[in-house]
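Observations on the model geometry
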Amino acid sequence: MRLHIFLIALLVSANLFAQNQTAPPKPIDSATLSKIISQQVKDTSGKSVIRLSDTSVAIIITRLETYTLMLNQVMSTLRRGLDTAEISESIPLIDSSMRVVQKDMTAIGSTNNVHDLYTNRVLLVQLERKLDSWQDVLFKFHDRLVNITDTLQLLRKDTSMRNIPAEDELRGIYVGQMASLIQKWRQVDSANKTNLLHLGLLQNRVAKRYIDVTNLLEDMDYQLTRFSQRMFNKDFSYLWEPPLPDKKGPKFPEVLHRSVRKNLNILKIFFAVSGPVYLIWLLGAALFLWWVKFNARKIKSKHEEREAETILQHSRYLYRYPIASTILLASTLSFLISIQYPIFYSGICWMITAIATTVIIRDSIPPNLLKRWYLLVFLLALYCVNNLLIQVTFFEQWGIFIGGILAIILGIYLLRTLRNTTLPLPKYSRSAIWTFMILSGLSVILVLMARVAAAKIMGAASVVSITMALGIVLMVEILMEAIYIQVEAKKDSSTFISMIDYQNIKSRLKTIFYIAASIGWLALLARNLYMYDALYEMISNMLVAERKIGNFTFSFSSVIIFLLIIWLSTVVTQILSYLLGYTGQSSQPQKKLGSAMLLIRLAVLAAGTLLAFAASGIPMDKLAIVIGALGVGIGFGLQNIVNNLVSGIILAFEKPIEVGDVIELGSRSGVVKEIGIRSSKISAGDGSEVIVPNGDLIAQQLVNWTLTSRTRRVDVVVGVAYGSDLKKALTVIKEYLVNQEDILKSPDPTVLLQNFRDTGVDIQAMFWISDLGQAGVTKSEVLTDIYIKLQEAGISIAYPRPQQFQFNMETGIWKQQPAPTPATPSAPIAAVTPTPAGTPPGAGGTGERPSAPESPAPNP
């Protein structure tokens, strides 16, 4: 916008400013400009570029104000200047860093040290990233200044401002504003050119250093390649021989002093370049510690002291040692996540992890194992110092040999201890110890063969891998404990965390964490063996390489990406099902989410499939081929599967059943636990789970007891003896049902005389309850109470009498004697057998017993 403003001013007086643009701009007052404009207007030669107009005064004035405002904004931006002070002040740091690396590369008489070379490479990589980011910032600034220049040029060519007001009064006002606009344009143009010059010089300085760093990085990669090729060559004297004349070098104290000083300088440069990242790490650690303490206080406030202490004691490490656990978590994640660290920084992280591990485990392991752990930490400290040395000395050679022997003895002891220990150790502890012993043995063999550089790498890798393995295991346990404390603190809230059952997700989550930790440990081992870059390049080339099957081109990376996205989609659907479905926190599953959950799962799977095709680079026309092949498969034998899939979609939209509904399907009944894409799960009353295809739920007759509500009618049949006061019995049962709290008042309970039987009179009681899950318990209580009420009212429960038979032994003639008149029982029956639910009318009451089987007997 600023450029447009100035353009208008120049267009109004296009012939006025035909001066040389390299000359400094001269201010023009409004009087001079007015005279020039008047001359232009009176000029009848036909060459005038300014015309009088009385029809576009409002448009001209509006544009003039717009351009003036635009130039003011541009000028304000240019006066504030470009934020390049940090870049200018940091260039000397880049220069000093490159001098350190150049000095090492041109040093004469020093033995090549892979740790030193790798540290230099890490420093160069950090410098390259920093310079690259600076170049991006400078290019953005340059684009902004170029845009301002283009806008100024467009403003100058704007012909709409060549029309000036015809009225003298308006023309005077217009000319004054135009003079001010032209002056602003000249100022903006001058400031913009100055900024472009300053930015160009700074870009040149940054680009030169970027090229120098890139060249140094290429030389460093070449040296590392040469070192890897001759790593197993003899590079020093044998232990039993004095050093070779050309390998004597300086003494150990001198080498140690120079090495520590150099690595401290590199560490300072490293933190100066990447300092903000580590401030974020420290802030994250502080937030994690606060989060843990906050959740612990919340648990204590919600529970009694003893109960809260019991809950928190399940967190063995994080609750007892919060500071040490936080330090261990931050330091371990720090060296696992990134691989571009100086060796000094890595050693500091390893020692911090080892010390924090010692604080955590010192009270939970036997004293003999604790002593061996102290020895292991001591070996780690020695190797951390040894990694800093930039030259090999005879003293260092003996130190590597002794350290390797101690490591082998320690490994043998640890293997023997594993056979008898009851400590909950990870699954692959024995494999880690064997790796430790093998690498230590190789270190001893190599140092005996005077391959000191290779022996140093093997020894350091063995000790670092075994000590950091324990730290990584503790890191996983601390993460699990943090999740446990969070779940316990939020259990009674309304957030989604309260829906999580920790015991259900514990094993799965721990498995995922251990897989990630194992990959990190293997990467750490590869980095310490300096095989990481080679392995990474080899695996990358193998994955990226294109392969063909006929006309179809693919790569392993695309296949892995495809399968990974499909797997992640499946995991996401399972997590959603868990969070929005049955979680184990309550006896009743969440209702009315089953259909929505099914639709969400279908949407996630569909989106995951499309994303997998897109991310893996598989052309979408191949998807059409897959769909066509699927259609052929449906025609040949997948009808049932497709039927169930479509039925699942129908269930999702029509919603005849929901998760938590009590249904009857054929001879089976139970509670709907899950509505899946192909099939649904029904939890039966006997504890079994029935997998029902969705097609059966659509095709068969289905009874849903809880489609609209969970209320249910309960029928109770009671038999009373003949001779009893029936009206009194009906009244007693009715009054009892009306006064029961668990029985709904609407609809009212109903008591009816049902049937006359041989053994007595059946009375049927019908009432409604609010939760059908309590039908069995309620029916039992009602039967028991009715029996007591009837007994108190003097009404006897009917029970069957044995029948007497008289048979005529004449052939073909058997006569049954009439049964005697039943007598009134002297005492009521002591027990009542309740009628099973769902007994059809006329099947007998509670007091009815099955008659004994009739068998003919001879008449004496």
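Residues numbered from 1 in each chain as written. Predicted model: local features only at pLDDT ≥ 70, side-chain atom pairs only at ≥ 80, totals over all residues. Heavy atoms only, no water.

What follows covers unusual backbone geometry. The step from S746 to P747 runs through a cis peptide bond, and the omega angle for that step is 0 degrees. If you trace the backbone, P747 turns up in the loop between α22 (726–738) and β11 (750–756). Phi at A450 is positive, roughly 65 degrees, even though this residue is not glycine. For A450, the location among the structural elements is in the loop between α13 (429–448) and α14 (452–489). The exposure class of A450 is buried, given its relative accessible area of 0%. (Helix = DSSP H or I, 4+ residues; strand = E, 2+ residues; numbered from the N terminus. Buried < 20%, exposed > 50% of the residue type's maximum accessible area, 1.4 Å probe, protein only.)

End to end, helix α4 (residues 85–105) covers 31 Å across 21 residues, agreeing with the expected 30 Å (1.5 Å per residue, within 8%). Most pronounced at I91, the bend in α4 amounts to some 30 degrees, and the proline P92 follows within four residues. Taken residue by residue, α4 has I87, S90, I91, I94, D95, S97, M98 and V101 as its buried positions. (Expected span 1.5 Å × (residues − 1). Bend = angle between axes of the 7 residues up to and from the residue.)

Time to look at the environment of V444. Here V444 lies in helix α13. When the C-alpha atoms of V444 and I408 are compared, they prove to be 9.3 Å apart, with 36 residues separating the residues in sequence. Beyond its immediate sequence surroundings of up to four residues, V444 is in contact with F401, G404, I405 and I408. (Contact = heavy atoms within 4.5 Å.)

Let us look at the pattern of salt bridges. Side-chain pairing between opposite charges can occur once the charged atoms of the two side chains come close. For the structure on display, the rule yields eight salt bridges. Of the charged contacts in the structure, one is a salt bridge between E477 and K510, with a shortest N-O distance of 3.5 Å. Taken as a pair, E477 in helix α14 and K510 in helix α15 (residues 502–528) lie far apart in primary sequence, 33 residues in all. With its nearest N and O atoms 2.4 Å apart, the salt bridge here joins R757 to D762. (Salt bridge = Lys/Arg side-chain N within 4 Å of Asp/Glu carboxyl O.)

The next subject is the sheet that holds strand β9 (residues 702–704). Pairing between the strands of a sheet is mediated by backbone hydrogen bonds and can be parallel or antiparallel. Spatial ordering of the open sheet is given by β8-β7-β6-β5-β9, a layout of five strands whose pairing is antiparallel. Taken across any chain shown, the strands that pair with only one partner, and hence form the sheet edges, are β8 (689–693) and β9. In this sheet, adjacent strand axes meet at a mean angle of 40 degrees when their direction is disregarded. Examined bridge by bridge, strand β5 (residues 662–665) and strand β6 (residues 668–675) share four bridges and lie antiparallel to one another. When the bridges of β6 are listed, E664 appears paired with S669. (Pairing = 2+ DSSP bridges. Axes fitted to C-alpha atoms, helices over the stretch in contact; angles between N-to-C directions.)

This part takes up the packing of aromatic side chains. On inspection of all chains with the given rule, the structure shows five aromatic pairs. Note on Y532 and Y536: the rings are 6.1 Å apart at their centroids and 15 degrees apart in plane angle, and the pair reads as stacked. With a gap of four residues between them, Y532 and Y536 both fall in helix α16 (residues 532–544), about one helical turn apart. The lysine or arginine in question, R372, covers the ring of Y413, its NZ or CZ lying 4.0 Å from the ring centre. Lying across the ring of W705, R712 places its NZ or CZ 4.5 Å from the centre. (Phe/Tyr/Trp six-rings, centres within 6.5 Å; stacked < 30°, edge-to-face > 60°. Lys NZ or Arg CZ within 6 Å of the ring centre and 35° of its normal.)

Attention now moves to the sheet that holds strand β12 (residues 761–769). Read across the sheet, three strands follow the order β10-β12-β11 without closing on themselves; strand pairing throughout is antiparallel. Both edges of this open sheet fall to β10 (712–720) and β11, since each of them pairs with a single strand only. Pairwise comparison of adjacent strand axes, ignoring direction, gives a mean angle of 25 degrees for this sheet. Here β11 runs beside β12; their pairing, made up of six bridges, is antiparallel. Residue pairing for β12: T750 is matched across the bridge by M766. Running over the sheet, α22 touches β10, β11 and β12 and is turned about 145 degrees from β11. Packing against the sheet, helix α23 (residues 775–792) makes contact with β10 and β12, and its axis sits at approximately 30 degrees to β10.

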